[in-house]
Amino acid sequence: MNQTLSPSGNIETGTKKEEGKIYDVKIGLEIHIPIKTKEKLFCDCPTNYYEISEPNVNICPVCTGMPGIKPYPINSEGLKSVVMLAKLLNCKINEKIFVKRKHYNYPDLPSGYQRTSEPIGVDGNLNNVGIWEVHIEEDPGKYDLNYRRVDYSRSGTVLAEIVSAPDMHSPEEARNFLKELINLVKYTNRTVDVGGVMRADVNVSIEGGARVEIKNVNSQKGMVKALKYEILRQKNLKSVGSEAKMETRGYDENQMLTVPLRTKETADDYRYLPDPDIPPIYLKEISEKIVLPETPQSRKKRLISKYSIRDDYADILVRNKELADIFEEIVSHDKFIASLSFGDFKNSVFKMAEISSSWICREVLRQLNYRDIEWNDEKNKLNKKILADLFVLLLDNQITENTGKKILEMVIDSGELPSDIVEKENLMTESNDDVLKNIINDVLAKNQKAVDDYKNGNKSSLNFLVGQIMRNTKGKADNKKVREILDRKLGN
Ligand SMILES: [Zn+2]
């Protein structure tokens, strides 16, 4: 590297050059996804720990690690779900695996070891990111450090662990991968779908240096912040001639920095042993019998062919399973179908699909982004009923697009029904010819210059006049009618 000294001999110039350098960043993820099952992985305790507040309700001697107790046979539904996930991630499925004991000491793990399988699937990929391994394992309990209390209701529930290759090169790439992975996982309908249950460990190294692992990053936003901080920390170490060391760090969400937890355990530290209580698991037959669910790609094709919606809208919808679900529920909604008042049925469905897809992909997402929330955020008060109500108003031309946008902005925070607001505030589209003609005459009289400009060939003057008419009707004028009347009056 050329380190140039400034004329004053100050090395700062060189350091600045260093700061602008593009580092080779490698990021890998280990994602833990809770799998929905009735019973735990090795006992028959219920698994709804996230719905109950009282601690230590769903427990038995197996999932609290009582000495001498034997596990039940592995939960076959949980196993199928993880094999399905591995197949969706294009993994090669292993034919025979053992369950191992991974030893570590922490109060959330009463037996002193976590049961985790050998890889169910290996060498997969999701787009350009390699998937190294997919495992099935037990979730530990929860230990509350502040109160020194432990809750074993979660202990022994089913987790899928997905280990990616370090193929991502920036926090944004890692976030996009995680987003895509979580979306794909939702298509199985076999995961626990409540906020904050996803847990990821992130590893990051720069310039081929030591791999630093950040534990328990619990949200996509948290992951981006943790990675940005950690990359900067490692760059700063490099710039003073030092190196990051191989270690495990935790992300402190409040202070937005990573702090050392312990030097990284190697596989030796965990003393992996095959669990002598659990027979080997054969996966070939299970894997062959699995029927894969619809994926985002196959759903996109179906949405386009079934509803004739735009390619780019279909793409946005399927990347966000909740939005695609809402879209399909709305266009097949009984109330909407009953309300169809014009044209033939098939064309009406296409028209509704066009309105729904464009409004969800543009206006709804714009409002969510503006508030920096996702669809399933509790601050979002929109639901199927509200959107269907709004889209029917637009479909029937009872309100203008302008009014629709204003209403959407209100109901996303309030959860009111759009048709109630329209009635209460008298927001129906103004399409009465006499009323519109009066307003238009008034606007033309007051804007003679724009009228002359238009007649002299300045076509953009027309937009100005339409804008004035819209202002005078508070955005309620029927746009099509306004343009028709204007055309006649201006002699086209
Ligand atoms: Zn149990």
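Residues numbered from 1 in each chain as written. Predicted model: local features only at pLDDT ≥ 70, side-chain atom pairs only at ≥ 80, totals over all residues. Heavy atoms only, no water.

## Focus: the coordination of the zinc ion
Taken together, the protein donors to the zinc ion comprise Cys43 (SG), Cys45 (SG), Cys60 (SG) and Cys63 (SG), at separations of 2.3 to 2.4 Å. Geometry at the zinc ion is tetrahedral, judged from the four donor atoms that bind it and their angles of 101 to 114° at the metal. Going along the chain, you hit the donors of the zinc ion in the pattern C-x1-C-x14-C-x2-C. Of this pair, Cys43 sits in the loop between β1 (25–34) and α2 (76–88) while Cys60 is found in the loop between β1 and α2, placing the two residues 17 residues apart along the sequence. Here Cys43 matches Cys60 in class, with each residue buried. (Donors = N, O, S within 2.8 Å, 3.2 Å for Na, K, Ca; no water. Tetrahedral: all angles 85-135°; square planar, octahedral: opposite > 155°, others 65-115°. Helix = DSSP H or I, 4+ residues; strand = E, 2+ residues; numbered from the N terminus. Buried < 20%, exposed > 50% of the residue type's maximum accessible area, 1.4 Å probe, protein only.)

## Overview of helix α4 (residues 220–239)
Along its 20 residues, α4 runs 29 Å from first to last C-alpha, staying within 8% of the 28 Å computed at 1.5 Å per residue. All buried positions along α4 are accounted for by Gln220, Gly222, Met223, Val224, Ala226, Leu227, Glu230, Ile231, Arg233 and Gln234. Just downstream of α4 lies Gly241, where phi reads positive at about 80°. (Expected span 1.5 Å × (residues − 1).)

## With respect to the domain arrangement of the chain
Each assigned domain of the chain is listed here: domain 1 (25–284), domain 2 (296–424) and domain 3 (433–489). Spacing between the C-alpha centres of domain 2 and domain 3 amounts to 30 Å. In this assembly, five residues from domain 2 lie in contact with six residues from domain 3. Regarding the contact of domain 2 and domain 3, the summed buried area is about 310 Å², with carbon and sulfur atoms giving 37% of it. On the surface where domain 2 and domain 3 come into contact, there are zero salt bridges. Taken together, the connections running from domain 2 to domain 3 amount to three residue pairs in polar contact (both at pLDDT 80 or more). Residue composition of the side of domain 2 that touches domain 3, grouped by class: no nonpolar, four polar and one charged. (Domains from an automatic or database assignment. Contact = heavy atoms within 4.5 Å. Buried area = accessible area lost by both parts, 1.4 Å probe. Salt bridge = Lys/Arg side-chain N within 4 Å of Asp/Glu carboxyl O. Polar contact = N/O pair within 3.5 Å; in protein donor to acceptor, adjacent residues only side chain to side chain. Nonpolar A, V, L, I, M, F, W, Y, C, P; charged D, E, K, R; others polar.)

## Observations regarding the layout of surface pockets
In this approach the atoms are scanned with a rolling probe the size of a water molecule, which exposes any empty space left behind. Size it by volume and the largest pocket reaches roughly 1600 Å³. Lining the largest pocket are 49 residues, with Lys179, Ile182, Lys186, Gln220 and Glu374 positioned closest to its centre. Listed by contribution, the elements that provide at least two residues to the lining of the largest pocket are β1, β6 (121–126), α3 (171–186), α4, α6 (296–307), α7 (311–318), α8 (321–331) and α10 (345–370). Examining the composition of the lining of the largest pocket, we find that nine residues originate from one element, α3, more than from any other. Looking at the lining of the largest pocket residue by residue, the classes come out as 19 nonpolar, 16 polar and 14 charged. Formed jointly, the lining of the largest pocket draws a minimum of three residues from each of two domains, domain 1 (25–284) and domain 2 (296–424). (1 Å grid on protein atoms, 1.4 Å probe; cavity = no way out; pocket = protein on both sides within 12 Å on 5 of 7 lines; lining within 4 Å. Points joined across faces, edges and corners; volume = space filled by probe spheres on them.)

## Focus: the nonpolar core
Counting 60 residues, the largest nonpolar core has Ile27, Leu29, Ile31, Leu89, Ile120 and Phe177 as its most contacted members. Where this core is concerned, the elements lending two or more residues are β1, α2, β7 (129–138), β10 (158–164), α3, β11 (199–206), β12 (212–217) and α4. In this structure, Ala314, Val392, Leu408 and Val411 belong to the second largest nonpolar core, which totals 44 residues. (Core = buried A, V, L, I, M, F, W, Y, C linked by side-chain atoms within 4.5 Å.)

## Details of the side chain of His135
Counting through the fold element by element, His135 comes out in strand β7. Residue His135 is classed as buried on the basis of its relative accessible area, which comes to 9%. Within the structure, His135 has its side chain in polar contact with the side chain of Glu133 (distance 2.7 Å). In this structure, His135 is in contact with Val82, Thr116, Ser117, Glu118, Pro119, Leu159, Ala160, Glu161 and Val163, ignoring residues within four places of it in sequence.

## Regarding the packing of aromatic side chains
In total, this model carries four aromatic pairs according to the counting rule given. Relative to Tyr143, the ring of Tyr106 lies with its centre 5.6 Å away and its plane at 90°, an arrangement referred to as edge-to-face. Here the residue Tyr106 occupies a position in the loop between β4 (99–103) and β5 (113–117), and Tyr143 occupies one in strand β8 (residues 142–144), the gap between them amounting to 37 residues. Residue Tyr106 is classed as partly exposed on the basis of its relative accessible area, which comes to 38%. Between Tyr270 and Tyr272, the aromatic rings sit 5.9 Å apart at their centres with planes inclined by 70°, giving edge-to-face as the arrangement. Judged by relative accessible area, which is 9%, Tyr270 ranks as buried. For Tyr272, a relative accessible area of 33% gives the class partly exposed. Note that Arg310 overlies the ring of Tyr313, its terminal NZ or CZ placed 4.2 Å from the centroid. For the cation-ring pair, Lys459 lies above Tyr454, with the distance from its terminal atom to the ring centre recorded as 4.9 Å. (Phe/Tyr/Trp six-rings, centres within 6.5 Å; stacked < 30°, edge-to-face > 60°. Lys NZ or Arg CZ within 6 Å of the ring centre and 35° of its normal.)

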